[in-house]
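Each chain, written out:
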Amino acid sequence: MKCKTDETTNQNTRTSLALIAVGFTLLVLPTVSVLLDPQYRMMIYMTRIAVGSKFYKIFTRENAGTLLQVYVFNVTNAEAFLSGEDHKLRVEEVGPFTYQEYQKNDKFEVDEEAGVMRYIPHTRTEFRREQSIGDPERVNITVPNSAMLAVSSMLSSYPFWTKTGFTVLADRLQSKPIIDINVHSLLWGYEEPLIALSNTLMPGWITFSKMGILDRLYDQSSVPTMEVSTAPQDKFKVKKINGSPGLNVWGYDNPSKRTRCNTLVDTYEGYAYAPRLTRDDSIRLYRSSFCRMLDLNYIGTTATEITSEAFVYQISNKSYSIDPSTECLCGKINECIDGISDISPCLYDLTIALSNGHFLYANPKVYERIEGIRPDEKEHGSEFIIEPKVGAVLSGRFTIQVNVIVKDVNYYYRVRPFSEMVVPLAYFKIVQPQLAEEDKNDIKMSNYLLPYVIHGVEVLLFITGLTILVYALRQMYLQWNCSAYHKNNEKHNGKLHDSREVKF
């Protein structure tokens, strides 16, 4: 290296120091990038819920939701069972009859200060003929009269004179415990004299005039107001329902009875989950028609076309069991039945209950008097595949069965054969539809392209910063050598000059 003048050396030193600062900065940036996780922050920004954002537009429009595949239980030995000739009720499933859900959130608002969004979710359905075995209005079946059985069961604990009055009234109205009906009427409402009379005489108790399974579960007259988090750390978690952080129908309004069972902790509606899910995070599923929360259990991971690792969950096989986690669902007099979940507080005290399809995981004693029940985990179980970084539901399926709990109804001869039974009416396979191509591409980008781009930039910055730093340090070293060389020369030249002066 040719040594420069002092002025040039000072200028080079300043340049080297600037390069060292640049190199050091470029080395620090990748480290900061790793700590800040820009991939996560970009995904949070993409999925933010604010006025004008993509998700805001989704929540303010009507969206296609889950597919509902309905299977009804057709009774094949009605006369023999009612006469006492057959001790067991014989049923066969008929279906599917498929409906597409559509949800529109009324009164949607985002409270950015509180970090929540509020809305009233209204749901409607459309029949899907191409995915069904036939037109539900043209398929006739024989089924238990759920209205008559439920009212009879509800009155089983009432005084003698009340039960006597009911039996006289039911006989006069010619109500039957098993009826012939088409599938559409069973699902969306049929004329039952007992219900119609109750609606007329006791409008504050019974607010509907027809009895239909889906009509009751999709009752839009009492849809709750949801309050759901929009904060990045717990986005989509349900915070409040009708202003309460718990289910008052199961005792949350009583401070002494508040437990995880009736509190909205770790609860979601199921359309999306919080980002950055871990295997240890607890997840519960809520829909107003369930009248409760259902726990999801993490069971493993799987690879899909849009992500190399997705979490797999199932509805806990203890969801309908009797244990401390479901204690609040047993009501005031602890009448839980292992394997089913009574939802009568949400249905005007009519003794309707939910279970897995075909009583999967229930004690066989629950259906020991019913032939045709064949629980199968593959057919009646559940599976939810969730992308953990974004919290998107990639696919999901589970079953819900609607039953009537018939208590001791020996006081009425018409329904006596059903006494102390849990009678299945229908079950639903609820299937999450495939994500839209746009959403799939977004997740693919965030899982495959975006990490490579970010890591590529980080590596490039690191290599560039290291190169600049090494170059600048080398220049500083060479300049230091030049400076030392100059000083040595000046010192040596000074000595020679002194010696020469002595000789002269």
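Residues numbered from 1 in each chain as written. Predicted model: local features only at pLDDT ≥ 70, side-chain atom pairs only at ≥ 80, totals over all residues. Heavy atoms only, no water.

Visitor: Just give me the short version of the overall build of the protein, but keep the residues and values in it.
Guide: Per the secondary structure count, the protein includes 11 helices and 19 strands. The buried share among the 504 residues of the protein stands at 48%. Taking contacts inside the protein between residues at least 6 apart in sequence as the whole, the part at least 24 apart equals 67%. Accessible area for the protein stands at about 25,900 Å²; split by element, carbon and sulfur atoms hold 54% of it. (Helix = DSSP H or I, 4+ residues; strand = E, 2+ residues; numbered from the N terminus. Buried < 20%, exposed > 50% of the residue type's maximum accessible area, 1.4 Å probe, protein only. Contact = heavy atoms within 4.5 Å. Areas by Shrake-Rupley, 256 points an atom, 1.4 Å probe, with all protein chains shown as cover.)

Visitor: Just give me the short version of the packing of aromatic side chains, but keep the residues and values in it.
Guide: In total, this model carries 23 aromatic pairs according to the counting rule given. Geometrically, the ring pair formed by F59 and Y119 is tilted, given 6.2 Å between the ring centres and 35° between the ring planes. Of this pair, F59 sits in helix α3 (residues 54-59) while Y119 sits in strand β3 (residues 116-128); the two residues are 60 residues apart in sequence, bridging distant segments of the chain. What makes F59 buried here is its relative accessible area of 7%. Taking the relative accessible area as the measure of exposure, Y119 reaches 1% and is therefore buried. (Phe/Tyr/Trp six-rings, centres within 6.5 Å; stacked < 30°, edge-to-face > 60°.)

Visitor: Now, about the pairing of strand β8 (residues 226-229): what can you tell me, with residues and values included?
Guide: Of the two faces of β8, the one lined by M226 and V228 and the one lined by E227 and S229 are each fully buried. Relative to β8, β3 runs antiparallel, the two being bridged by 4 bridges. In the strand pairing of β8, R118 is matched with E227. Sheet topology places β8 next to strand β9 (residues 238-241); 3 bridges connect them, and they run antiparallel. Its bridge partner being in β9, E227 is matched across the sheet by K240. (Pairing = 2+ DSSP bridges.)

Visitor: Describe the pattern of salt bridges, naming the residues involved and giving the relevant values.
Guide: Inspection of every chain in the model, using the stated rule, returns 19 salt bridges. R260 is paired through a salt bridge with D295; the nearest N and O atoms lie 3.6 Å apart. Residue R260 is located in the loop between β9 and β10 (267-268), and its partner D295 is located in strand β12 (residues 292-302); the two are separated by 35 residues in the primary sequence. Overlapping salt bridges bring together E62, R124, E126 and R128 as one network. (Salt bridge = Lys/Arg side-chain N within 4 Å of Asp/Glu carboxyl O.)

Visitor: Any chance you could break down empty space enclosed by the protein for me, citing the residues and the numbers?
Guide: With the rule as written, the count across this model stands at 5 cavities of 30 Å³ or more. As for the largest cavity, its lining consists of L68, E101, L214, L217, Y218, R287, S289, F290, L354, I400, F428 and I430. Only α9 (213-217) and β19 (421-432) provide two or more residues apiece to the lining of the largest cavity. Split by residue class, the lining of the largest cavity holds 9 nonpolar, 1 polar and 2 charged. A volume near 90 Å³ is recorded for the second largest cavity. As for the second largest cavity, its lining consists of S146, M211, I213, R216, L217, L347, L350, I352, V402 and L425. (1 Å grid on protein atoms, 1.4 Å probe; cavity = no way out; pocket = protein on both sides within 12 Å on 5 of 7 lines; lining within 4 Å. Points joined across faces, edges and corners; volume = space filled by probe spheres on them. Nonpolar A, V, L, I, M, F, W, Y, C, P; charged D, E, K, R; others polar.)

Visitor: Help me get a handle on the side chain of T142, residues and values and all.
Guide: The residue T142 is located in strand β4 (residues 140-144) in this model. Overall, T142 belongs to the buried group, its relative accessible area being 17%. A distance of 2.7 Å separates polar atoms of two side chains, one belonging to T142 and the other to D180. Those residues within four positions of T142 in sequence are excluded, and the remaining contacts are F73, N74, V75, A78, I178, I179 and D180. (Polar contact = N/O pair within 3.5 Å; in protein donor to acceptor, adjacent residues only side chain to side chain.)

Visitor: Outline the pairing of β19, listing residues and values.
Guide: Most of β19 is tucked away, with 10 of its 12 residues classed as buried. Judged from the 6 bridges that link them, strand β1 (residues 63-75) and β19 form a sheet pairing that is antiparallel. Opposite L68, over in β19, you have I430 as the bridge partner.

Visitor: Residues and numbers for unusual backbone geometry, please.
Guide: Of note, the amide linkage connecting G95 to P96 takes the cis form, showing an omega dihedral of 10°. Mapped onto the elements, P96 comes out in strand β2 (residues 89-111). Backbone geometry places D266, a non-glycine residue, at a positive phi of 60°.

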